[in-house]
Amino acid sequence: MTISYTDVFKLIAISVVSFIAIVFILRASGKRTLSKMNAFDFIVTVALGSVLATTIVNYKESFWSGILTFTMLVGLQYVFTWLSVHFKPVRAILNSEPSLLFYDGVFKDENLKKERVNKVELKQAIRKAGYVSFDEISAIILESDGTLTVMDKSDKRRIQKEEFIFID
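Reading the values: rules and limits
- Residues numbered from 1 in each chain as written.
- Predicted model: local features only at pLDDT ≥ 70, side-chain atom pairs only at ≥ 80, totals over all residues.
- Heavy atoms only, no water.
- Helix = DSSP H or I, 4+ residues; strand = E, 2+ residues; numbered from the N terminus.
- Buried < 20%, exposed > 50% of the residue type's maximum accessible area, 1.4 Å probe, protein only.
- Contact = heavy atoms within 4.5 Å.
- Phe/Tyr/Trp six-rings, centres within 6.5 Å; stacked < 30°, edge-to-face > 60°.
- Lys NZ or Arg CZ within 6 Å of the ring centre and 35° of its normal.
- Salt bridge = Lys/Arg side-chain N within 4 Å of Asp/Glu carboxyl O.
- Patch = residues over 30% accessible without salt bridge, like charges linked within 9 Å, V, L, I, M, F, W, Y side chains within 5 Å.
- Areas by Shrake-Rupley, 256 points an atom, 1.4 Å probe, with all protein chains shown as cover.
- pLDDT = per-residue confidence, 0-100.
- Pairing = 2+ DSSP bridges.
- Core = buried A, V, L, I, M, F, W, Y, C linked by side-chain atoms within 4.5 Å.
- Polar contact = N/O pair within 3.5 Å; in protein donor to acceptor, adjacent residues only side chain to side chain.

Visitor: Pulling in residues and values, what's your account of the overall build of the protein?
Guide: Helices and strands together make up the secondary structure of the protein, namely six helices and four strands. What you see in the protein, going N to C, is helices and strands ordered as α-α-α-α-β-β-α-α-β-β. Within the span of the protein, comprising 168 residues, buried residues form 31% of the whole. Residue pairs at least 24 apart in sequence account for 52% of intrachain contacts in the protein once pairs closer than 6 positions are excluded.

Visitor: Give me the lowdown on the packing of aromatic side chains, citing residues and values where you can.
Guide: One pass over the full model with this rule turns up four aromatic pairs. Note on W82 and F87: the rings are 6.3 Å apart at their centroids and 65 degrees apart in plane angle, and the pair reads as edge-to-face. For K119, the ring lying beneath its charged end belongs to F107, and the centroid distance is 4.7 Å.

Visitor: Run through the pattern of salt bridges, naming residues and quoting values.
Guide: This structure, assessed with the given rule, holds one salt bridge. The closest approach of N and O atoms between K119 and D109, which form a salt bridge, is 3.7 Å. Taken as a pair, K119 in helix α6 (residues 119–128) and D109 in helix α5 (residues 109–115) lie far apart in primary sequence, 10 residues in all. Relative accessible area serves as the criterion here: at 41%, K119 is assigned to the partly exposed category. A residue is classified by how much of its surface remains accessible, and D109, at 44% relative accessible area, is partly exposed.

Visitor: Could you give an account of a nonpolar patch on the surface, naming the residues involved and the relevant values?
Guide: The grouping of L68, M72, L76, Y78, V79, F80, W82 and F87 at the surface amounts to a nonpolar patch, some 810 Å² of accessible area in total. Within the secondary structure, L76 sits in helix α3 (residues 59–86). Taking the relative accessible area as the measure of exposure, L76 reaches 42% and is therefore partly exposed.

Visitor: I'd love a proper account of the confidence of the model for the protein, names of residues and values included.
Guide: Counting all residues, the mean pLDDT for the protein is 81, and 84% of those residues have values of 70 or more. Within the protein, no element has a lower average pLDDT than helix α1 (residues 5–29), which sits at 79, and none a higher one than strand β2 (residues 106–107), at 96.

Visitor: Explain the pairing of strand β1 (residues 99–103) to me, and be specific about the residues and the numbers.
Guide: Counting buried positions along β1 yields five of five residues, so the element is predominantly enclosed. If you look at the hairpin formed by β1 and β2, you'll find two residues sitting between the two strands, and D104 has a positive phi there, around 50 degrees.

Visitor: Break down the nonpolar core for me, citing the residues and quoting the values.
Guide: In terms of nonpolar packing, the biggest core is built from 14 residues, with I25, L26, L48, I67, F70 and V74 touching the most fellow members. Listed by contribution, the elements that provide at least two residues to this core are α1, α2 (39–57) and α3. In this structure F70 touches I22, I25, L26, L48 and V51, once residues within four positions along its chain are discounted. Counting residues in hydrophobic clusters, the runner-up holds 13 residues, among them F102, L112, F134 and I137.

Visitor: Quick one: what's the story with the environment of R91, residue by residue and with numbers?
Guide: Of note, R91 is situated in helix α4 (residues 88–94). C-alpha of R91 to C-alpha of F80: the two residues are 11 residues apart in sequence and 8.8 Å apart in space. At 2.7 Å, the side chain of R91 forms a polar contact with the backbone oxygen of S84.

Here is the structure:
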């Protein structure tokens, strides 16, 4: 299989045009499209990357369908995130709630098991946050985006257990 200079030029041109079109679509759709917010946003981001790659590699058959698919994914994400902001049932489907994994010296074993997080990972999270032991920690929360938030005992805004009734 030989590739001609014309094919190379077309591939470069399609890549540049695809890139410009996608940047335009993403800028028009707002910051959330590529944010690290939750599993739904992650899935959309992976799908967008796949569509872009397919569009560039198979440009002869799929350039316009790739751009249309990309636009549709961004549009659908916009619609579903708008719905999740305005309607609680949609939000419950698309977004997970934070989960309390450690509070006041006690590991929340049921939540650890449910979220498939082990104590070694919590220890790593407190080290990353600059702490040495759990004695310095008030709470560790698994956020909706999968990050671990470590809350210090000396924090003046110490969390109140009542704030986490919905996730225990």
